[in-house]
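As a plain string of letters, each chain reads:
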Amino acid sequence: MSPRARTDSVHISPSAHYTGYVWYRHELSEPAFATGFGRFAHTLLTPLTWGVRELSGLDLENILLQRHLLLDARLGEAIEQGGVRQVVEIACGLSPRGRRFCQRYPRLRYLEADLPAMAARKRLLLHGEGWLDSRHRVRDVDILAEQGELSLASLFAELDRSEPVLVITEGLVNYFPLAALEGFWTRLAAQLAGFPQGIYLTELYPDLREHPRYRQLRWGIDVVGRLTRGGYWLHYRDELEIVAAFRKCGFAQVEVHDPDRIDIELPRLNMPSMLRVIEARAA
Ligand SMILES: C[S@@+](CC[C@H](N)C(=O)[O-])C[C@H]1O[C@@H](n2cnc3c(N)ncnc32)[C@H](O)[C@@H]1O
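Residues numbered from 1 in each chain as written. Predicted model: local features only at pLDDT ≥ 70, side-chain atom pairs only at ≥ 80, totals over all residues. Heavy atoms only, no water.

Participant: How should I be thinking about the pattern of salt bridges in this particular structure?
Facilitator: Pairing between side chains of opposite charge can happen when the charged atoms of each approach one another. A full pass over the atoms with the stated rule returns 22 salt bridges. Where Glu-170 meets Arg-67, a salt bridge forms, and the shortest distance between an N and an O atom there is 2.9 Å. In this pair, Glu-170 is assigned in the loop between strand E4 (165–169) and helix H7 (178–192) and Arg-67 in helix H3 (residues 60–80), connecting sequence segments 103 residues apart. Of the charged contacts in the structure, one is a salt bridge between Glu-89 and Arg-97, with a shortest N-O distance of 3.0 Å. Residue classification places Arg-97 among the buried residues on the basis of a relative accessible area of 0%. Here the salt bridges do not stand alone but share partners, grouping Arg-67, Asp-72, Glu-89, Arg-97, Arg-100, Glu-170 and Glu-203 into one network. (Salt bridge = Lys/Arg side-chain N within 4 Å of Asp/Glu carboxyl O. Helix = DSSP H or I, 4+ residues; strand = E, 2+ residues; numbered from the N terminus. Buried < 20%, exposed > 50% of the residue type's maximum accessible area, 1.4 Å probe, protein only.)

Right under this line is the structure:
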């Protein structure tokens, strides 16, 4: 199936239950974050992910863990070394990061955001456990909204503009075609420019055609696109293209982290990692 451009992206939300269950399975989160649907989807897909691993060597869970832990490590560094005191996690889904980082850093303010239905679910979950308070909140956002109450401008209106801010997206960007994605990044860079320091962290899977398992990867990616009833795009051929794209969107500094070349303990794959974590700073 060729990737279809859709004007909405609610079809992506169920995938948050799957990843939420993966974080729980690997003891990165508490039972409240594991939903019945997440457990069901994980059980249902286990034969498929096992087959993919046996046939192609691609280990989906280790790839997911690499991205989650690498983003955590960069966020921890920005808080401890860079003085970040407020974090916005867009497309938070059932990620436990807000909970874990608020526990770890008692002065941190953490704003989670997602499409309205997923945000409502997350708000209910955190509220039910007594984990929401004035420094840990959940808001509605749609990264495709250029204006209105779901826009980035509206989300950012409640942040403290005198303090550095860090924005994270995880498991989001490859679901969008390039024009939609670069539109979001351009609006995001403009918002971040209004803070003393504005950092954006995201993972990205580039179109690494020289990767030794490229054909299997492409196949696996098409499966993800089909399962989420949309498309899954591989953007940019290499680091140079990634840096140029982020600069074009308005970011001043761009670092590309490759899990195979970073000094952080991560689950290893038995092939070069196709994951990249981008750390971009606004002008
Ligand atoms: C694969 S899940 C990732 C969830 C979480 N970040 C994680 O890694 O477990 C994708 C998330 O993107 C959210 N999402 C999809 N389209 C969005 C949009 N237009 N704006 C904001 N969030 C969106 C979905 O609701 C879902 O929670």
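Participant: Is there a simple way to think about the nonpolar core in this case?
Facilitator: Generally speaking, soluble globular proteins have nonpolar side chains that are buried together. Ranked by size, the top nonpolar core spans 51 residues in total, and within it Trp-185, Tyr-200 and Phe-251 carry the most contacts. Setting aside chain neighbours within four positions, we find Tyr-200 in contact with Val-167, Thr-169, Val-173, Phe-184, Trp-185, Leu-188, Leu-192, Phe-246, Phe-251, Ile-278, Glu-279 and Ala-280. Judged by nonpolar contacts, the second largest core, of 19 residues, contains Leu-166, Leu-201, Leu-266 and Val-277. (Core = buried A, V, L, I, M, F, W, Y, C linked by side-chain atoms within 4.5 Å. Contact = heavy atoms within 4.5 Å.)

Participant: Would you explain the environment of Pro-116 in this entry?
Facilitator: Along the polypeptide, Pro-116 turns up in helix H5 (residues 116–128). Residue class for Pro-116 comes out partly exposed when judged on its relative accessible area of 33%. Residues Pro-116 and Asp-140 lie 24 residues apart in sequence; the distance between their C-alpha atoms is 4.9 Å. Residues within four places of Pro-116 in sequence aside, it is in contact with Asp-140, Val-141 and Leu-150.

Participant: Help me understand the sheet that holds strand E1 (residues 86–90) in this model?
Facilitator: Hydrogen bonding along the main chain pairs the strands of a sheet, whether they run parallel or antiparallel. Strand order in the open sheet made by the seven strands is E3-E2-E1-E4-E5-E7-E6, with mixed pairing throughout. Looking at which strands have only one partner, the edges of the open sheet turn out to be strand E3 (136–140) and strand E6 (251–257). Across this sheet, the average inter-strand angle for adjacent strands is 20°, counted without regard to direction. Of the strands in this sheet, E1, E4, strand E5 (198–204), E6 and strand E7 (276–282) are in contact with H3, which crosses E5 at around 170°. (Pairing = 2+ DSSP bridges. Axes fitted to C-alpha atoms, helices over the stretch in contact; angles between N-to-C directions.)

Participant: Whenever I open this one, the site of the ligand confuses me. Can you help?
Facilitator: With respect to spatial proximity, 22 residues lie near the ligand, and among them Ser-9, Ser-13, Ala-91, Asp-114 and Asp-142 are the closest. Asp-114 places a side-chain nitrogen or oxygen 2.6 Å from an oxygen atom of the ligand. The separation between a nitrogen atom of the ligand and a polar main-chain atom of Ile-143 is 3.0 Å. Protein chains bury 99% of the 600 Å² of accessible surface belonging to the ligand in isolation. No other element matches helix H1 (residues 15–25), which puts four residues into the shell around the ligand. A per-class count over the shell around the ligand returns twelve nonpolar, six polar and four charged. (Near = heavy atom within 4 Å. Polar contact = N/O pair within 3.5 Å; in protein donor to acceptor, adjacent residues only side chain to side chain. Areas by Shrake-Rupley, 256 points an atom, 1.4 Å probe, with all protein chains shown as cover. Nonpolar A, V, L, I, M, F, W, Y, C, P; charged D, E, K, R; others polar.)

Participant: Which parts of the structure should I look at to understand H5?
Facilitator: In an α-helix there are 3.6 residues to a turn, and that puts residues three or four apart on one side. In a regular helix each residue adds 1.5 Å, so 13 residues correspond to 18 Å; H5 covers 18 Å between its end C-alpha atoms and thus fits that length. Looking only at H5, the buried set comprises Met-118, Ala-119, Lys-122, Leu-125 and Leu-126. Here the buried residues of H5 occupy an arc of 125° about the axis, which is enough to place them on one side. Looking at H5, the residues exposed on the side facing more than 90 degrees away from the buried face are Ala-117, Leu-124, His-127 and Gly-128. Tucked inside the fold, the buried residues of H5 contact H1, strand E2 (109–114) and E3. Positive phi shows up at Gly-130, right after H5, with a value of about 75°. (Expected span 1.5 Å × (residues − 1). Arc of directions from axis to C-beta.)

Participant: Teacher, can you tell me more about unusual backbone geometry here?
Facilitator: Residues apart from glycine generally show negative phi values, whereas peptide bonds are mostly found in trans. Positive phi, close to 65°, is recorded for Ala-91, a residue that is not glycine. Structurally, Ala-91 can be placed in the loop between E1 and helix H4 (97–104). Since its relative accessible area comes to 21%, Ala-91 is described here as partly exposed. One non-glycine residue, Tyr-236, adopts positive backbone phi at about 75°. In this structure, Tyr-236 sits in the loop between helix H8 (214–227) and helix H9 (239–248). Given a relative accessible area of 9%, Tyr-236 falls into the buried group.

Fair warning: the whole summary comes from geometry, so function is off the table for now.
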